[in-house]
Number of protein chains: 2
Amino acid sequence: MEQITLKQMLLEDFSQERVALVEDMHPADVAEILIEVPLENQIRFIDTLPNDLAAMILQEMELNNEAEILSHLAPEKTAKILNQMYTDEAADLLAELPETEAWALIALMGDKGKKVKKLLAYESDTSGGLMATEFIAVYENQTLEQVLVLLREKAPSTESAYYIYVVSQEQRLVGVVSLRTLVTKPLETVVGDVMEQDVISAPVDLDQEEVARLFDKYGFLVLPVVDQAQRLLGVITVDDVLGVAEEEVTEDIHKAASILPMKEAYIDASIWTLFGKRIIWLLGLILVNLVSSGVIAAYEDILSSVIALTFFIPLLIDTGGNTGSQSATMVVRALVTGDVKMADWGKVLIKELLVGIFLGLVLGFAGVFLGTARGGTEVGLVVGLTMVAIVIFSNIIGMALPFILTKMRLDPAVASSPLITSICDATGLLIYFAIATRVFKF
Amino acid sequence: MEQITLKQMLLEDFSQERVALVEDMHPADVAEILIEVPLENQIRFIDTLPNDLAAMILQEMELNNEAEILSHLAPEKTAKILNQMYTDEAADLLAELPETEAWALIALMGDKGKKVKKLLAYESDTSGGLMATEFIAVYENQTLEQVLVLLREKAPSTESAYYIYVVSQEQRLVGVVSLRTLVTKPLETVVGDVMEQDVISAPVDLDQEEVARLFDKYGFLVLPVVDQAQRLLGVITVDDVLGVAEEEVTEDIHKAASILPMKEAYIDASIWTLFGKRIIWLLGLILVNLVSSGVIAAYEDILSSVIALTFFIPLLIDTGGNTGSQSATMVVRALVTGDVKMADWGKVLIKELLVGIFLGLVLGFAGVFLGTARGGTEVGLVVGLTMVAIVIFSNIIGMALPFILTKMRLDPAVASSPLITSICDATGLLIYFAIATRVFKF
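Computed from a predicted structure; not experimentally measured.

1. Focus on the overall build of chain A
Next, step 1: Within chain A one finds 22 helices and six strands.
Next, step 2: For a compact globule of 442 residues, the expected C-alpha radius of gyration is about 22 Å, and chain A comes in at 31 Å, more than 25% above that figure.
Next, step 3: Across its three principal directions, the C-alpha atoms of chain A cover 90 × 60 × 40 Å.
Next, step 4: When burial is assessed residue by residue, chain A has 45% of its 442 residues classed as buried.
Next, step 5: Within chain A, counting contacts between residues at least 6 apart in sequence, those at least 24 apart form 69% of the total.

2. Some remarks on the sheet that holds strand β6 (residues 232–237) of chain B
Pairing between sheet strands relies on hydrogen bonds along the backbone, with the strands arranged either parallel or antiparallel.
Residues and elements named next belong to chain B.
Next, step 1: Read across the sheet, three strands follow the order β4-β5-β6 without closing on themselves; strand pairing throughout is mixed. Each edge of the sheet is formed by a strand with only one pairing partner; in this case those strands are β4 (202–203) and β6.
Next, step 2: For β4 and strand β5 (residues 222–226), the ladder comprises two bridges, and the chain directions are parallel. Bridge assignment links Ala202 to a residue of β5, and that residue is Val225.
Next, step 3: Helix α15 (residues 208–218) contacts β4, β5 and β6 of the sheet and is inclined by roughly 135° relative to β5.

3. Structural notes on the domain arrangement of chain A
Next, step 1: Taken domain by domain, chain A comprises domain 1 (2–121), domain 2 (137–238) and domain 3 (266–439).
Next, step 2: Centre-to-centre separation of domain 1 of chain A and domain 3 of chain A, based on C-alpha positions: 52 Å.

4. Things to note about helix α4 (residues 39–48) of chain B
Next, step 1: Gln42, Phe45 and Ile46 of chain B are the residues of α4 of chain B that are buried. Angularly, the buried residues of α4 of chain B cover 95° about the axis, an arc narrow enough to put them on a single face.

5. Observations regarding the interface of chain A and chain B
Next, step 1: Facing the 93 residues of chain A at the interface are 93 residues of chain B.
Next, step 2: Sort the elements by how many residues they give to the side of chain A that touches chain B and helix α20 (residues 313–337) of chain A lands first, with 16 residues.
Next, step 3: A per-class count over the side of chain A that touches chain B returns 54 nonpolar, 22 polar and 17 charged.

6. Overview of the packing of helix α8 (residues 87–96) of chain B against helix α10 (residues 111–120) of chain B
All names here are of chain B.
Next, step 1: Remark: α8 packs on α10, axes separated minimally by 9 Å, with the N-to-C direction vectors making an angle of 65°. Our classification of the angle between α8 and α10 gives roughly perpendicular. The handedness of the crossing between α8 and α10 comes out as right-handed. Judged by residue contacts, Thr87, Asp88, Ala90, Ala91, Leu94 and Ala95 of α8 engage Lys112, Lys115, Val116, Leu119 and Leu120 from α10.
Next, step 2: Residues belonging to the contact of α8 with α10 are distributed by class as follows: seven nonpolar, one polar and three charged.

7. A word on the relation of the copies chain A and chain B
For these two chain copies, the linking operation is a rotation about an axis paired with a shift along it.
Next, step 1: Here chain A sits on chain B after a turn of 180° about the axis and a move of 0.1 Å along it, with an RMSD of 0.1 Å. Within this description, the copies of the chain are treated as partners about a two-fold rotation axis.
Next, step 2: Take the interface residues of chain A: 100% of them recur as interface residues in chain B, which is what a same-surface contact looks like.

8. A short note on the pairing of strand β5 (residues 222–226) of chain A
Residues and elements named next belong to chain A.
Next, step 1: Counting buried positions along β5 yields five of five residues, so the element is predominantly enclosed.
Next, step 2: Here β5 shows no split at all, with Val222, Pro224 and Val226 on one side and Leu223 and Val225 on the other all buried.
Next, step 3: As paired strands, β5 and strand β6 (residues 232–237) are joined by five bridges and run antiparallel to one another. What sits directly across from Val222, in β6, is Thr237.
Next, step 4: Taking the residues that link successive antiparallel strands as the turn, the β5-β6 hairpin has five residues, and the phi of Gln230 there is positive, at about 65°.

9. Structural notes on the sheet that holds strand β3 (residues 173–178) of chain B
Residues and elements named next belong to chain B.
Next, step 1: Taken together, the three strands give an open sheet; going across it, the order is β1-β2-β3, and neighbouring strands pair in mixed fashion. A single partner strand is all that each edge strand has here, and the edge strands are β1 (137–139) and β3. The sheet shows a mean angle of 35° between the axes of neighbouring strands, taken without regard to direction.
Next, step 2: Judged from the three bridges that link them, β1 and strand β2 (residues 163–167) form a sheet pairing that is parallel. Of the residues in β2, the one forming a bridge with Ala137 is Tyr165.

10. Observations regarding helix α12 (residues 144–154) of chain B
Next, step 1: Taken together, the buried positions of α12 of chain B are Leu144, Val147 and Leu151 of chain B. One side of α12 of chain B carries all its buried residues, which in axial view fall inside an arc of 55°.
Next, step 2: Against α13 (179–184) of chain A together with β1, β2, α13 (179–184) and α14 (191–194) of chain B lie the buried residues of α12 of chain B.

11. A word on the environment of Pro412 of chain B
Residues and elements named next belong to chain B.
Next, step 1: Its location among the elements puts Pro412 in the loop between α21 (345–407) and α22 (417–439).
Next, step 2: A count of 21 C-beta atoms within 10 Å places Pro412 in the buried class.
Next, step 3: Taking the C-alpha atoms as reference points, Pro412 and Ser325, 87 residues apart in sequence, are found 13 Å from one another.
Next, step 4: Once residues lying within four places of it in the same chain are set aside, the contact partners of Pro412 are Val332, Leu335, Pro402, Leu405 and Thr406.

12. Focus: unusual backbone geometry
Residues and elements named next belong to chain A.
Next, step 1: Phi is positive for Gln171, which is not a glycine, with a value near 70°.
Next, step 2: Within the secondary structure layout, Gln171 lies in the loop between β2 (163–167) and β3 (173–178).
Next, step 3: C-beta crowding within 10 Å serves as the criterion here: with 16 such atoms nearby, Gln171 is assigned to the partly exposed category.
Next, step 4: Backbone geometry at Ser258 places phi at a positive 60°, although glycine is not the residue there.

13. Digging into the pairing of β3 of chain B
Remark: a regular strand shows side chains that alternate across the two faces of the sheet.
All names here are of chain B.
Next, step 1: Judged from the five bridges that link them, β2 and β3 form a sheet pairing that is antiparallel. Across the sheet, Ile164 pairs through a bridge with Val177, a residue of β3.
Next, step 2: The hairpin turn running from β2 into β3, its antiparallel successor, is five residues long, and Gln171 in that turn takes a positive phi close to 70°.

14. Describing the packing of α20 of chain A against helix α16 (residues 238–256) of chain B
Next, step 1: One way to put it is that α20 of chain A packs onto α16 of chain B with a least axis distance of 10 Å and a crossing angle of 160°. When the axis of α20 of chain A is compared with that of α16 of chain B, the two are roughly antiparallel. The two elements α20 of chain A and α16 of chain B cross, and the hand of that crossing is right-handed. Together, Thr329, Met330, Arg333 and Thr337 of chain A of α20 of chain A and Glu246, Thr250, Ile253 and His254 of chain B of α16 of chain B make up the contact between the two elements.
Next, step 2: In terms of residue class, the contact of α20 of chain A with α16 of chain B is made up of two nonpolar, four polar and two charged.

15. Concerning the nonpolar core
Next, step 1: With 134 residues, the main nonpolar core has Val211 and Ile236 of chain A together with Val211 and Ile236 of chain B as its most contacted residues.
Next, step 2: Ignoring sequence-local partners within four residues, the contact set of Ile236 of chain B consists of Ser127, Leu130, Met131, Ala202, Val211, Leu223, Val225 and Val241 of chain B.

16. A short note on the environment of Lys217 of chain B
All names here are of chain B.
Next, step 1: Relative to the helices and strands, Lys217 resides in helix α15.
Next, step 2: The class for Lys217 is partly exposed, based on 15 C-beta atoms found within 10 Å.
Next, step 3: The sequence separation of Lys217 and Gly192 amounts to 25 residues, and the corresponding C-alpha distance is 26 Å.

About the thresholds
- Each chain has its residues counted from 1, following the order in which its sequence is written.
- Just so you know, chain letters begin at A and ligand numbers begin at 1, following the order they were written in.
- At least 70 in pLDDT is required for a residue's local features to be given in this predicted model, at least 80 for side-chain atom pairs to be given and counted, and no such filter applies to totals for whole chains, interfaces and linings, which use all residues.
- Going along the chain from the N terminus, every DSSP run of H or I of four or more residues is numbered as a helix, and every run of E of two or more is numbered as a strand.
- Each radius of gyration is computed over the set of C-alpha atoms, and the globule rule expresses the reference value as 2.2 Å times the number of residues to the power 0.38.
- Note on burial: count the other C-beta atoms lying within 10 Å of the residue's C-beta; 20 or more is buried, 12 or fewer is exposed, in between is partly exposed, and C-beta positions come from the backbone.
- Here, residue contact means that the backbone-derived C-beta atoms of the two residues sit within 7 Å.
- Between any two strands, pairing holds if DSSP finds at least two bridges.
- Note on geometry: axes are C-alpha line fits, over the in-contact stretch for helices, and angles between N-to-C directions span 0 to 180 degrees.
- Each domain's limits were defined by an automated method or a database of domain assignments.
- What the arc describes is the spread of directions from the helix axis to the C-beta atoms.
- Under this grouping Gly is polar, as are all residues other than the nonpolar Ala, Val, Leu, Ile, Met, Phe, Trp, Tyr, Cys and Pro and the charged Asp, Glu, Lys and Arg.
- Small angles under 35 degrees read as roughly parallel and large ones over 145 as roughly antiparallel, with 65 to 115 read as roughly perpendicular and the rest as oblique.
- Here is the rule for handedness: rotate from the far helix to the near one, and if that takes an anticlockwise turn smaller than a right angle the crossing is left-handed, while a clockwise turn gives right-handed.
- The atoms used to superpose the copies are C-alpha atoms, taken from residues with pLDDT of at least 70 in both, and the fit is least squares.
- For this entry, the nonpolar core is defined as buried Ala, Val, Leu, Ile, Met, Phe, Trp, Tyr and Cys residues connected by C-beta atoms within 7 Å.

Set out below in structure tokens:
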């Protein structure tokens, strides 16, 4: 009900009622509806909202949508909205805008602008690019009561008050106190007595993949970021790395289809980027396919006398490629998730050998049937035997290549479906003609 | 240093020093080292630790490793360790053990055993299966000071004290107070005045994918779970759904290689499961490949007179399949992440048409060169022209199929690399022979 009403209002424009309605809704729900109305309605709507509410709703949208709306507002209004956002969100957003526009806005933002400017100096795919500067730091000799007083003053503008960091006089990170400790220990306790020492922190230039791995391993909600002298610079919250994980998965999925990693989202990538990320693999795979051409050329004689053998080339090599793709995909993913370790290779080999034999027997029967139907019993025999051999062999190639690549310290994802398909094709043809020459006594 | 020392100690067994060393380390780091030593050392080590420390370290391990260690300890010890775990972790672990063993342990666990038993009754892939029963609930008329007192009593045994839930006399969920609000508002404030109403909660039977989507959309750390009468039953924390996201990604990656979704991790899956998840697609794809066989059979005459045309069958159909796999993979992933919407189909079509033309031209030149080298200028012309046409066409098939499947309310992931390859092969052969019959005037 609520949602239909808001959408109607956004389309028909009843400014005051809208604001009241929106205040009671979750910003993520408002953002979801907002994105469905025309851009000019989005702009008018954000323009009429109080700055803090506008900031909360915009932060739930995709960066490019946010940037598009803000670039249509008066710079003074945009600067005020940016001042209501967390520093890391504001920095990400400003990075989306044309440079001159961004610098003008930073100048209008005052103190917060200076903080954001500092964040923009870090590489976007490092700890520095992910962190926000909103955190609470206290000294070891303060009492929990003093900390609580500080929190009551500062917390409303703090992205995460779940952890309170403890720093030395030189601002070096020496400990952490969780909000839970804070509310469960007596008020007169001194911070130094209850803080957790050995805080795990990220260096400011740590790659974002490593940051995501730290969150995953330790189950953190927040991770502090420090410079080389261990001085506390900012904090990364778990929601900042969820996007990183999604980017990593997209990269893995693309690799499995022989597409080179790209920084942009598909919709933002230029035609040249898409072309460049694909052509190198496609050309490389042609070289592998030349082996297949060579194999066929070498067996030209038997093909011209038993032309029916040609009919089954796509069937046999495709089935081999598909089988190999399946086992390669399973093993690559299991290695990435840590579900299978390098030491498990023997176990996986036996497993895939058995699975391959069963798959080969079933598909081999299908091959005998199809071959006989179209080319007679001898062709049926050749196709059936080839099918069994190709399936077992391709299954092992697909399983083994990821292990071999990892052993060679290469990315196992190079064992992509297209590469496995091309390799299985060439070996499959060799098997096919080896069996055919024996059966037809060529 | 620390890590080498612990590993040595685990192998050489100095019980007392080990415990002291481990107390200062993060449980995730201890777990990582522990998994590298032989099982009997793991068992002896866990057996010598205090129960709470043992529980913390075990919770950082994979479920199957945890279960293996615990099944070698005395049931009384295991029950004590389980009692130190969160209810959801204990339930997951008991579900891994043989049923009679699990029931015996639950009986030994006392009160907590009863709670865990209730959790085990929920389907493992629903909210109920993910939730823990550790939460803090207060009434609307309590003051923040009373809540703080309650927290100081209860929090140490609570999985997440980040949110305090507000319930009515009938235990129905009516609001939520964040720990931040608690520490930033005056102590005499009444809960009802500062609580957030309209709490977003998950019904106890909600599918885990939907649960993960709620966390992602709203950026929650904790999500309350309610029954049909809105009574609060438990809470799900964000780390419980990280595993769900990983399972979903594995499913997506498997689908892209034509493997049916499976519940078990690869290493735990039986040979029959692996066989079953793969044979259905492989058999189905053979049917698609029969079209390719049919096409070749129909053009038997031209093949037997220009046998060189056979050499390029794998090269051409593989390149077509690879191109189609690339565009299908990109579009499927972009649709899944929401990066591309259904309404963008026109934009994507134009993009892929242009990318396909450029890819086709480059690969076409390679085709002319290779064809001429092995079969003369006429074959070179046929191979080159076919390459251009196949690449452009396959690229569009790969791009369009995910949109069409989504429109038909089917999973776009069905447009897997193997299916696209098989479809592109059949159409590619048709293009090949159509061009060949014209060039050779057959």
